[in-house]
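Structure at a glance
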Amino acid sequence: MTNNNNKLDSIAPQIIQAKPQTKHIASALALASCGLFVSNGHATELAKNADDWKVDAALMYYGEQDRVQAIEAIGTAQKNFGDDSVLDLKLVVDSLTGASASGAVAQSDSQTFTRPSGNGQYKVAAGETPLDDTFHDTRVQGSANWSQALNSDWKVNGGVYGSKEFDYMSMGVNAGLERGFNKDNTTLFLGTSYSFDVVDPVGGRPVALSSMAIRDNFTTDEAYRAAFDATRQTSSDDKQTVDLMLGITQILNQRWLLQANYGLSSVSGYLTDPYKVLSVVDNNGTTEDIVYENRPDSRLKHSFYVMTKGALDSGVVDFSYRYSTDDWDLTSHTLETHYRYYFSGSFYGQLHLRYYQQSAVNFYQPFLLADTPLPEFASADYRIGDMSAYTIGVKFGHCLSGGHEMTYRLEYYQQDPKNNGTTIPGELQNYDLFPTQKAITAQFSYSF
């Protein structure tokens, strides 16, 4: 099992990096669909002439090489009430199976690890990266959002969100305010959201940096169970997230628009991944102990985003850049572009390119050394270490009669973790401690 935050990191890093975009830019991007690229005012008139309900359905597959596999069904529905108010509904159901990196390092001998529940263990062959094969879950997520134009200049929106899986529950609310200027060519946006998450890991929350109890090291089941229970905090825990977004969208001319925004996010509570561990090794690189990770209980993030989008004679193109930083010392840079080409009035192809680079958090360590004191915080989770990643994707769409649309998307994603400057001791130099991760995403969507 894994919690929702980490699942998202693992399944779709590119989606996570796009999260700070607001609903306002989402509506602007939608204007490019089936050849439309018009001002917000014209978009409103088009919406009034559209059917009352618009429904989108999609099925997505995500697969990592020899690791996590996911199938996700997505359904959205939008109702326009004809009085400048719109209701958006969304339902997502996904199923995940496979294995994920536990954080431990490879060894010259086979290794035994305890399952998170404490009931059973699994072995990892010599020379192989330890993978936790308990990664599986089903998640159901739903949301509802309402937007209302107060007059020709002001618009408000608000919504609720809920998500549930076996070991994690999330609930949230959001609200936003838009103000149009200069005949709606300039729009300011202010948005905020609050979420409350409950973390209830299988087997209980591990005691920070406590040693993993291995059944083979005990003579009786009772002695093992007592040792395992000593590493557990049985109660669930929670975390809260408050987000604030300030943005501006400017229509530059009939073909180009520009958007920029700033996001502030404050997270507090239980931020540790209860299923991640670290190896404690000696100067020869031999593992002497396995301990559970520990992360700070607060995090403050800043993000800056700029995007320009233009309508070409035969298509649409956009370019964007995002810079993010936080008080864990993780900084990231994202460059992304989409180019949509219309082969005809009803058929288009789209190219997607994305490059991402991040630096490690200040408590990231690929392993701990046995002859040094345990730090207060430590994690070997490669997702918060030094890395770069890129995405190459193509999408094809058919605009059908009656306003229906059918799309197909295929993307290749590669993530390249890197050493953050740590000296690798002894036998660990024989193994790839930062293996490249590859994944394929395929999606089919139908709108009507």
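Residues numbered from 1 in each chain as written. Predicted model: local features only at pLDDT ≥ 70, side-chain atom pairs only at ≥ 80, totals over all residues. Heavy atoms only, no water.

The helix and strand inventory of the chain stands at five helices and 25 strands. Expressed as a percentage of the 448 residues in the chain, the buried residues total 47%. Restricting to contacts in the chain with at least 6 residues of sequence separation, those with at least 24 account for 65%. Roughly 20,700 Å² of accessible area belongs to the chain as shown, and the carbon and sulfur atoms make up 58% of that amount. (Helix = DSSP H or I, 4+ residues; strand = E, 2+ residues; numbered from the N terminus. Buried < 20%, exposed > 50% of the residue type's maximum accessible area, 1.4 Å probe, protein only. Contact = heavy atoms within 4.5 Å. Areas by Shrake-Rupley, 256 points an atom, 1.4 Å probe, with all protein chains shown as cover.)

In this structure the tally under the stated criterion is 15 salt bridges. Of the charged contacts in the structure, one is a salt bridge between Arg139 and Glu72, with a shortest N-O distance of 3.5 Å. You can see Arg139 sitting in strand β8 (residues 137–149) and its partner Glu72 sitting in strand β2 (residues 69–80), a full 67 residues away along the chain. Like Arg139, the residue Glu72 is buried in the burial classification. Across the pair Arg409 and Glu411 runs a salt bridge, and its minimum N-O distance is 3.0 Å. (Salt bridge = Lys/Arg side-chain N within 4 Å of Asp/Glu carboxyl O.)

Right, let's talk about the nonpolar core for a bit. Residues Val105, Val361, Phe367, Leu428 and Leu433 are the most contacted members of the largest nonpolar core, which totals 16 residues. Ignoring sequence-local partners within four residues, the contact set of Val105 consists of Gln111, Pro130, Ser279, Val281, Thr287, Pro366, Phe367, Leu428 and Leu433. Membership of the second largest hydrophobic core comes to twelve residues, among which are Val68, Met387, Tyr413 and Ala439. (Core = buried A, V, L, I, M, F, W, Y, C linked by side-chain atoms within 4.5 Å.)

Here we come to the side chain of Arg205. By the element assignment, Arg205 lies in strand β12 (residues 205–206). A polar side-chain atom of Arg205 sits 2.9 Å from the main-chain carbonyl oxygen of Ser235. Look past the residues within four positions of Arg205 in its chain and what remains in contact with it is Thr231, Arg232, Gln233, Ser235, Ser236, Asp237 and Tyr270. (Polar contact = N/O pair within 3.5 Å; in protein donor to acceptor, adjacent residues only side chain to side chain.)

As a general point, the strands of a sheet are linked pairwise by backbone hydrogen bonds and lie either parallel or antiparallel. Strand order in the open sheet made by the three strands is β17-β16-β22, with mixed pairing throughout. The strands lining the two open edges of the sheet, one partner per strand, are β17 (287–292) and β22 (368–369). Relative to β22, strand β16 (residues 277–281) runs parallel, the two being bridged by two bridges. Of the residues in β22, the one forming a bridge with Val281 is Leu369. (Pairing = 2+ DSSP bridges.)

The next subject is the pairing of strand β3 (residues 85–97). A regular strand places its side chains so that they alternate between the two faces of the sheet. Bridge count between β2 and β3: twelve bridges; the pairing is antiparallel. When the sheet's bridge partners are listed, Ala77 is paired in β3 with Leu89. Adjacent in sequence and paired antiparallel, β2 and β3 are bridged by four residues, among which Gly82 carries a positive phi angle near 75 degrees.

This part takes up the environment of Phe189. Inspection of the secondary structure assignment puts Phe189 in strand β11 (residues 186–199). Its relative accessible area of 9% is what places Phe189 among the buried residues. Phe189 sits 34 residues away from Lys155 along the chain, and the two C-alpha atoms are 9.4 Å apart.

Before going further, it helps to spend a moment on the packing of aromatic side chains. Under the counting rule described, the total for this entry stands at 14 aromatic pairs. A centroid spacing of 5.6 Å and a plane angle of 45 degrees characterise the contact between Tyr408 and Phe444, whose relative ring orientation is tilted. Highlighted residues: Tyr408 in strand β24 (residues 405–417) and Phe444 in strand β25 (residues 437–447), separated in sequence by 36 residues. Using a relative accessible area of 36% as the deciding quantity, one classes Tyr408 as partly exposed. On the basis of relative accessible area, Phe444 is assigned to the partly exposed category, the value being 36%. Members of the aromatic cluster, connected to one another through ring pairs, are Tyr341, Phe343, Phe347 and Phe396. Over the aromatic face of Tyr270 sits the side chain of Arg205, whose NZ or CZ is 5.5 Å from the ring centroid. (Phe/Tyr/Trp six-rings, centres within 6.5 Å; stacked < 30°, edge-to-face > 60°. Lys NZ or Arg CZ within 6 Å of the ring centre and 35° of its normal.)

Chain-level pLDDT for the chain is 88 on average; 89% of the residues reach the 70-or-more range. Note on residues 1–49: pLDDT under 50 across the span, and 120 contacts to partners over four residues away in sequence or across chains. (pLDDT = per-residue confidence, 0-100.)

Our focus in this paragraph is the pairing of strand β1 (residues 53–64). Across eleven bridges, the pairing between β1 and β2 is antiparallel. Within the sheet, the bridge partner assigned to Tyr61 lies in β2 and is Ile71. From the end of β1 to the start of β2, which pair antiparallel, there are four residues, and Asp66 there has a positive phi angle of about 65 degrees. In the sheet, β1 pairs with β25 via nine bridges, with the strands oriented antiparallel. Note on β25: the bridge partner recorded for Asp56 is Ser447.

A few words on unusual backbone geometry. With a phi close to 60 degrees, Leu209 is a non-glycine residue in the positive phi region. Its location among the elements puts Leu209 in the loop between β12 and α5 (221–229). Look at Asp329: it is not a glycine, yet its phi comes out positive at around 70 degrees. When you line up the elements, Asp329 lands in the loop between β19 (315–326) and β20 (331–342).

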